[in-house]
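Report on the structure
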Amino acid sequence: MSEDRAEMSEDGGESSSPSSATKPRGCDVSGGGDYLSPSADQVLDNVLDNVLLFLTSRRDRNAASLVSKSWWRAEALTREELFIGNCYAVSPRRVTERFRRVRAVTLKGKPRFADFNLMPPNWGAHFAPWVAAMGHRYRALEKLCLKRMRVKDEDLELLARSFPCFKELVLVCCDGFGTSGLAMVASKCRQLRVLDLTEDDVIDDEVDWISCFPEGETSLESLIFDCVDCLIDFEALEQLVTRSPSLKKLRLNRYVNIGQLYRLMIQAPQLTHLGTGSFSPSEIVAQGDQEPDYVSAFAACRSLVCLSGFREITSDYLPAIYPVCANLTSLNFSYANISAEQLIPVIRHCHKLQILWVLDSVCDEGLHAVAATCKDLRELRVFPVDAREDGEAPVSDVGLLAISEGCSKLQSILYFCQRMTNAAVIAMSKNCPDIVVFRLCIMGRHQPDHITDEPMDEGFGAIVKNCKKLTRLAVSGLLTDRAFSYIGQYGKLVRTLSVAFAGNSDMGLKYVLEGCPRLQKLEIRDSPFGDSALHSGLHHYYNMRFLWMSSCKLTRQGCKEIAQRLPRLVVEVINGSEEDEMEDDFFDVLYMYRSLEGPRADAPRFVTIL
Amino acid sequence: MEKPMSYESEDHLNLKATELRLGLPGRDESDKQSSPSAKNNKRTSPEMEGVLYAENEEQDCTPPPKAQVVGWPPVRSYRKNCFQPKKIEADASGVYVKVSMDGAPYLRKIDLNVYKSYPELLKALENMFKCTIGVYSERDGYDGSDYAPIYEDKDGDWMLVGDVPWDMFSTSCKRMRIMKGSEAKGLGCL
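You'll find chain B entered in an unreviewed UniProt entry as Auxin-responsive protein, with Actinidia chinensis var. chinensis given as the organism. The heading Subunit (unreviewed entry) in the UniProt record of chain B holds the text "Homodimers and heterodimers."

Going by an unreviewed UniProt entry, chain A carries the name Transport inhibitor response 1-like protein and comes from Actinidia chinensis var. chinensis. The UniProt entry for chain A carries the following text under Pathway (unreviewed entry): "Protein modification; protein ubiquitination."

Structure, rendered in structure tokens:
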């Protein structure tokens with residue numbers, strides 16, 4: 001069991017390490033020799049507390065907590081921000097007992113592949129036990145960020161009642177709550193500064209939550225609700241914006257039309273981040289009314305740096321945004337089905353752009369225009385309008401090559417396409433040495449290089465070899481074990497790897513597990529990796545946040561052996577369909593993760609913990 | 001999970017064995033193309049996919065669309081569901097047209113593509129504006145009705161709705177107005 005200690009805290013990604021809870025290491029300052037008087041001890045402790053306050057990085061804090069018992073104690077008392085990458089790795093009770101003065105918590109739940117319907121929805125990641133525990137112990141809590149958690153209205157109500165100083169709520173990819181829960185937060189969190197809802201699945205209870213904000217001036221700085229797909233009371237929203245002088249970020253949902261957007265913008269020219277709602281007119285227009293001067297409304301927003309929305313865009317109105325283009329650092333057109341012709345007049349002005357999200361409707365030609373102007377581009381995401389395997393995708397290797405030639409500072413790319421070549425990927429690896437995140441999705445399974453007909457091994461190999469800062473990689477297309485040997489050989493900093501429909505044999509997975517010491521998160525689907533490959537990662541699983549393997553060649557017995565060898569690993573085998581009985585050997589998903597708590601008590605019927 | 005045995009249960013007549021069919025022997029036609037629907041959580045296993053492709057190559061020149069696989073490509077469903085086919089914009093001289101009615105404070109906007117004929121359009125207008133437009137006649141227009149619909153065409157001229165064939169109307173109409181019947185009588189003189 002002693003090797004657990006070093007291995008489980010190595011990553012620094014988890015806030016609590018089992019070792020510190022059990023035995024001290026190294027010299028114990030407070031134990032000291034005879035000549036140290038008690039008061040000197042206290043001085044040392046005070047000094048320590050004050051010094052540790054400056055440590056913000058959780059990795060540094062984890063390291064500091066291992067020095068000695070008193071360091072452990074001091075660190076636990078001074079840690080204000082908690083990051084829990086897997087809500088099942090540690091229990092709410094253990095966390096709240098160790099860390100007493102927490103003001104900010106980040107909590108993550110479901111694995112990412114659950115987003116793609118690969119397992120039934122009621123898997124777990126319930127916020128309820130966490131809010132209950134924190135409600136008791138963390139009365140001073142100010143900030144909460146949840147990702148992929150199941151949050152109920154009752155949980156939001158408890159949150160709103162429990163934390164009198166609560167200021168920031170950020171929910172990303174969460175579900176289980178509705179507008180009633182939002183109404184609770186709006187009405188009871190009197191010091192609320194930030195309410196950010198991003199990509200959540202919000203139930204429409206038809207509660208007018210916008211009207212629930214209290215009267216009088218608010219401290220709102222950020223109100224992001226573009227994913228809340230419910231009608232809102234516009235008058236209430238307008239009044240809210242009017243009485244929120246600190247509001248800097250506002251992202252509207254698609255039920256706000258462009259006429260309403262105008263009214264909000266003239267109330268809030270101080271905005272820095274704007275999500276424009278539908279960006280098209282309502283169907284009812286008062287007769288005789290002139291169209292508002294949208295251009296001047298945008299021109300008045302001199303601080304605007306981030307633009308998004310355009311949920312049901314009427315492209316005639318696009319020129320209205322020209323006045324702000326030159327200042328934009330972030331532009332999200334990923335809901336706007338616009339052509340190259342429509343993009344080009346806009347993008348031409350966007351010299352400072354660092355982040356761009358678009359749909360592939362802009363075609364390779366649109367990407368050429370991006371490459372020509374956006375020399376400072378750091379992040380590009382190209383989403384498909386037609387997300388089917390055999391659809392037509394108007395972007396290809398041509399667009400990728402153009403981007404690589406124009407945007408040498410690129411750090412992060414997500415690119416969906418139907419046709420790709422090794423040459424374009426190799427070119428990107430050489431032209432964009434700063435790449436940290438490379439996610440290429442060739443939508444047709446097992447698609448080779450469309451010109452040479454070869455596997456995409458060399459392209460991805462070049463990425464891991466030439467992009468020396470690479471930490472996140474998602475591969476696709478026709479890939480042999482050779483691609484994985486490259487990843488194992490060169491991908492020394494890779495933390496997150498996503499694999500689908502790739503590889504020939506167990507060797508593929510072995511290369512990765514044996515070659516990538518920093519690997520934290522590994523998600524694999526539909527690839528021919530079996531028990532022997534799984535076995536080859538035994539030395540490493542305690543260092544990882546999780547491993548996901550679905551529709552591979554694993555057997556239940558093979559997984560069981562892992563569970564037996566590594567007692568601190570929770571090994572879940574999951575049936576893909578809630579209704580079916582779990583047959584003896586067959587399962588759809590293996591999801592395993594390190595944990596201090598052992599098998600969770602809230603596992604649903606379709607989950608078996610080995 | 002194989003093989004309806006119905007053929008083989010017929011006494012000595014092993015009809016299935018002598019059945020002429022395309023495809024690999026030993027596989028039943030009925031379990032090809034499984035689980036394309038999004039609701040079904042089951043997905044084709046890698047082995048089955050191989051067989052599917054092999055079969056397809058044997059059969060005919062136009063391969064059937066690949067069975068859609070669950071969760072692939074990895075686009076979250078709210079993004080997949082977002083896109084309606086691109087709206088045909090107003091550069092085609094009037095698919096979305098504004099409609100005003102005398103005496104009403106607000107305009108409405110309608111999509112002419114939704115309607116296939118004049119009766120459909122007129123009925124919709126009657127519903128929308130709670131008025132009676134009546135029946136068109138070539139000779140008298142909408143005589144006798146409380147209201148008459150007119151439209152502005154590509155050339156900027158105001159015409160009576162119903163005079164030209166529907167297709168010509170729907171591509172040349174830029175906007176519409178529902179005029180009071182008393183004023184409409186004047187059009188007869190033009």
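The next thing to look at is the overall build of chain B. Within chain B one finds seven helices and five strands. Reading chain B from its N terminus to its C terminus gives the helix and strand order α-α-α-α-β-β-α-β-β-α-β-α. By residue count, 36% of the 190 residues in chain B fall in the buried class. Put simply, 48% of the contacts in chain B that link residues at least 6 apart link residues at least 24 apart. On chain B, roughly 11900 Å² of surface is accessible, and the fraction owed to carbon and sulfur atoms is 56%.

Right, let's get into the packing of aromatic side chains. All names here are of chain A. Within this structure, the stated rule accounts for 25 aromatic pairs over all chains. Relative to phenylalanine 529, the ring of phenylalanine 484 lies with its centre 5.7 Å away and its plane at 90 degrees, an arrangement referred to as edge-to-face. Within this pair, whereas phenylalanine 484 is found in helix α19 (residues 481–490), its partner phenylalanine 529 is found in the loop between β20 (521–525) and α21 (531–535), the two being separated by 45 residues in sequence. Accessibility assignment for this pair places phenylalanine 484 and phenylalanine 529 in one class, buried.

Here we take up the environment of A:Ser476. Residue and element names in this part refer to chain A. You can see serine 476 is positioned in the loop between β18 (472–474) and α19. Counting along the chain gives 19 residues from serine 476 to aspartate 457, while the straight-line C-alpha distance between them is 9.8 Å. Look past the residues within four positions of serine 476 in its chain and what remains in contact with it is Leu440, Cys441, Ile442, Met456 and Phe460. Only 2.7 Å separates the side chain of serine 476 from the backbone oxygen of leucine 440, close enough to count as a polar contact. In terms of polar contacts, serine 476 uses its side chain to reach the backbone amide nitrogen of isoleucine 442, at 2.8 Å.

Residue and element names in this part refer to chain A. Summarising burial for strand β15 (residues 379–383): four of the five residues are buried, a large majority. When strand β14 (residues 355–359) meets β15, the two strands line up parallel, connected through five bridges. Looking across to β15, one finds that valine 358 is bridged to valine 382. Of the crossover connections in this fold, the one passing from β14 over helix α15 (residues 363–373) to the parallel β15 is right-handed. Looking at chain direction, β15 and strand β16 (residues 412–417) are connected through four bridges and run parallel. Among the inter-strand pairings, leucine 380 is bridged to a residue of β16, identified as isoleucine 413.

Take helix α7 (residues 128–137) of chain A next. Those residues of α7(A) lying buried are A:Trp130, A:Val131, A:Ala133, A:Met134 and A:Gly135. Those residues of α7(A) that are buried are in contact with β1 (81–84), α6 (92–98), β2 (104–108), β3 (143–147) and α8 (153–162) of chain A.

Here the focus is the side chain of A:Lys510. All names here are of chain A. Residue placement: lysine 510 occurs in helix α20 (residues 506–515). For the buried lysine 510, no salt bridge is present, and the opposite-charge side chain at shortest range is aspartate 506, 5.4 Å distant. Excluding anything up to four places from it in sequence, lysine 510 contacts Gly515, Ser532, Ala533 and Ser536.

Now for the environment of A:Ala603. Residue and element names in this part refer to chain A. Structurally, the position occupied by alanine 603 is in the loop between β23 (589–594) and β24 (607–609). The exposure class of alanine 603 is partly exposed, given its relative accessible area of 28%. Spatially, the C-alpha atom of alanine 603 lies 52 Å from that of tyrosine 322, the residues being 281 residues apart in sequence.

Rules and cut-offs
- Residues numbered from 1 in each chain as written.
- Chains lettered and ligands numbered in written order.
- Predicted model: local features only at pLDDT ≥ 70, side-chain atom pairs only at ≥ 80, totals over all residues.
- Heavy atoms only, no water.
- UniProt positions renumbered as here; feature names shortened; annotations may be inferred.
- Helix = DSSP H or I, 4+ residues; strand = E, 2+ residues; numbered from the N terminus.
- Buried < 20%, exposed > 50% of the residue type's maximum accessible area, 1.4 Å probe, protein only.
- Contact = heavy atoms within 4.5 Å.
- Areas by Shrake-Rupley, 256 points an atom, 1.4 Å probe, with all protein chains shown as cover.
- Phe/Tyr/Trp six-rings, centres within 6.5 Å; stacked < 30°, edge-to-face > 60°.
- Polar contact = N/O pair within 3.5 Å; in protein donor to acceptor, adjacent residues only side chain to side chain.
- Pairing = 2+ DSSP bridges.
- Right-handed = clockwise from strand over helix to strand, strands pointing away.
- Lys, Arg positive; Asp, Glu negative; His and termini not counted.
- Salt bridge = Lys/Arg side-chain N within 4 Å of Asp/Glu carboxyl O.

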